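Structural features, examined
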Amino acid sequence: AQSVTQLDSQVPVFEEAPVELRCNYSSSVSVYLFWYVQYPNQGLQLLLKYLSGSTLVESINGFEAEFNKSQTSFHLRKPSVHISDTAEYFCAVSVGGSGGGADGLTFGKGTHLIIQP
Amino acid sequence: EPEVTQTPSHQVTQMGQEVILRCVPISNHLYFYWYRQILGQKVEFLVSFYNNEISEKSEIFDDQFSVERPDGSNFTLKIRSTKLEDSAMYFCASSEGQLFTEAFFGQGTRLTVV
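Residues numbered from 1 in each chain as written. Chains lettered and ligands numbered in written order. Predicted model: local features only at pLDDT ≥ 70, side-chain atom pairs only at ≥ 80, totals over all residues. Heavy atoms only, no water.

**Re the overall build of chain A**
The number of helices and strands found in chain A is 0 helices and 12 strands. Along its sequence from the N terminus, chain A presents helices and strands in the succession β-β-β-β-β-β-β-β-β-β-β-β. Here the C-alpha coordinates of chain A stretch approximately 45 × 30 × 25 Å along the principal axes. For chain A, the proportion of contacts with a sequence separation of at least 24, taken over those separated by at least 6, is 59%. (Helix = DSSP H or I, 4+ residues; strand = E, 2+ residues; numbered from the N terminus. Contact = heavy atoms within 4.5 Å.)

**Focus: the confidence of the model for chain A**
Per-residue confidence for chain A gives a mean pLDDT of 89, with 92% of residues at or over 70. For chain A, strand S11 (residues 106–107) of chain A is the element with the lowest average pLDDT, namely 87, and strand S3 (residues 19–21) of chain A is the one with the highest, namely 98. (pLDDT = per-residue confidence, 0-100.)

**Brief notes about the nonpolar core**
Counting residues in each nonpolar core, the largest one holds 28 residues, and the members touching the most others are Trp35(A), Leu48(A), Phe74(A), Leu76(A) and Tyr89(A). At the level of elements, strand S2 (10–14), S3, strand S5 (31–38), strand S6 (44–50), strand S8 (64–68), strand S9 (73–78), strand S10 (87–95) and strand S12 (111–116) of chain A are the ones that each hand at least two residues to this core. When sequence neighbours within four positions are dropped, the list of residues in contact with Leu48(A) reads Leu33(A), Phe34(A), Trp35(A), Val57(A), Glu58(A), Ser59(A), Phe63(A), Glu64(A), Ala65(A), Phe74(A) and Leu76(A). By size, the runner-up hydrophobic cluster in this structure holds 23 residues, among which are Ile60(B), Phe61(B), Leu77(B) and Leu111(B). (Core = buried A, V, L, I, M, F, W, Y, C linked by side-chain atoms within 4.5 Å. Buried < 20%, exposed > 50% of the residue type's maximum accessible area, 1.4 Å probe, protein only.)

**Remarks on the state of the cysteines**
Scanning the entire structure with this criterion turns up 2 disulfides over all chains. A disulfide bridge connects Cys23(A) with Cys91(A), and the sulfur atoms are separated by 1.9 Å. Across the disulfide from Cys23(A) to Cys91(A), rotation about the S-S bond amounts to roughly -65°, and the bridge is consequently left-handed. Of this pair, Cys23(A) sits in the loop between S3 and strand S4 (24–26) while Cys91(A) sits in strand S10; the two residues are 68 residues apart in sequence, bridging distant segments of the chain. A single burial state applies to Cys23(A) and to Cys91(A), both of which are buried. One disulfide bridge connects Cys23(B) with Cys92(B), the sulfur atoms lying 1.9 Å from each other. In this structure, the disulfide formed by Cys23(B) and Cys92(B) twists by about -65° around the S-S bond and is classed as left-handed. (Disulfide = S-S within 2.5 Å.)

Shown next as structure tokens:
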């Protein structure tokens, strides 16, 4: 069975500073990797995903994540954060073969990103 | 923009009572899911539903849980006899297909069992 570890439950960062949210996974088979974001009082939204191809994936709002197979990591980064990035961020993994849908997504515990002015 | 809607946003129920959580998936989606998140813990997969039947379920989804698509728009999760440990945020999700498609999540229903 696969698992996802997000070591940081909370990450405070000053506005315009860079941030990295860490995600490590374990799986004996190939995986698809996702980052979801939950803004206050809203549902989970897909931020970005890695299915295959380039190991660096980007979102439309400046976040990026790099799949590192040797380190079994999929850390999320942004070079300069904004107040509006305050949210809960969830890393998730889906075992290869399930196709990347929500079937059997395994989530991490989430990291609360707090942007300080 | 189409979205998944869940009602109610917060439900308080007494232990042993039956509760039904409701979801309206995006209209052209074919795959439906329930997840839950106990406070301070991970989001956990409960069940997926396709073509009017359960396609996959986790070990959490025991006999006290059931899902139904009673009409063309609603997707419900029923808990027959609630326990204190059922208190959690329940998320509904839907996707157009299963392969390489994004799942869209609702805002969640916070269930509190007292």
